[in-house]
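Single-letter residue listing:
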Amino acid sequence: MSGANAPVRVVDVVRALFGEGAGRSRIEGVRAQLKRLVERCWLASEDGRSFGPVSR
């Protein structure tokens, strides 16, 4: 996942961080954190489900 140029889904981020056994609450927690990074312009997201690098 490091150096990804294409958007990645929240589920893929959670699986990379916590493994296959991550539950729904873990997914929603990570989604909230990723959305916070979008608000701070560290990540980009068009649909709130996939996140990618900010185009500069």
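So, a few notes on the structure that sits alongside this text.

**Re the overall build of the protein**
Thought 1: The number of helices and strands found in the protein is 2 helices and 2 strands.
Thought 2: Reading the secondary structure of the protein in the N-to-C direction produces β-α-α-β.
Thought 3: A globule of 56 residues ought to have a C-alpha radius of gyration of about 10 Å, and the protein, at 11 Å, matches this closely.
Thought 4: Seen along its three principal axes, the alpha-carbon backbone of the protein occupies a region of about 35 × 20 × 15 Å.
Thought 5: Of the roughly 4300 Å² of accessible surface on the protein, a fraction of 49% belongs to carbon and sulfur atoms.
Thought 6: Taking the average place of the 10 positive charges on the side chains of the protein and the average place of its 6 negative ones, the gap between the two points comes to 4 Å.

**Describing the nonpolar core**
Thought 1: Counting residues in each nonpolar core, the largest one holds 7 residues, listed as V10, V13, V14, I27, V30, L34 and F51.
Thought 2: The set of elements that each furnish at least two residues to this core consists of α1 (10-18) and α2 (24-39).
Thought 3: With residues near it in sequence (within four places) discarded, V14 still touches G19, A22, R26, I27 and V30.

**Focus on α2**
Thought 1: Between the first and last C-alpha of α2 there are 23 Å, a value that for 16 residues agrees with the 22 Å anticipated at 1.5 Å per step.
Thought 2: Inspection of α2 places I27, V30, R31 and L34 among the buried residues, and these make up the whole buried set. The buried residues of α2 occupy one face: seen down the axis, they fall within an arc of 105°. Away from its buried face by more than 90 degrees, α2 exposes S25 and E39.

**A short note on the packing of aromatic side chains**
Thought 1: Evaluation of the coordinates by the stated rule reveals 0 aromatic pairs.
Thought 2: Across the ring face of F18, the terminal group of R26 is positioned such that the distance to the ring centre comes to 4.1 Å.

Rules used throughout
Residues numbered from 1 in each chain as written. Predicted model: local features only at pLDDT ≥ 70, side-chain atom pairs only at ≥ 80, totals over all residues. Heavy atoms only, no water. Helix = DSSP H or I, 4+ residues; strand = E, 2+ residues; numbered from the N terminus. Rg over C-alpha atoms; globule rule 2.2 N^0.38 Å. Areas by Shrake-Rupley, 256 points an atom, 1.4 Å probe, with all protein chains shown as cover. Lys, Arg positive; Asp, Glu negative; His and termini not counted. Charge placed at Lys NZ, Arg CZ, Asp CG, Glu CD. Core = buried A, V, L, I, M, F, W, Y, C linked by side-chain atoms within 4.5 Å. Buried < 20%, exposed > 50% of the residue type's maximum accessible area, 1.4 Å probe, protein only. Contact = heavy atoms within 4.5 Å. Expected span 1.5 Å × (residues − 1). Arc of directions from axis to C-beta. Phe/Tyr/Trp six-rings, centres within 6.5 Å; stacked < 30°, edge-to-face > 60°. Lys NZ or Arg CZ within 6 Å of the ring centre and 35° of its normal.

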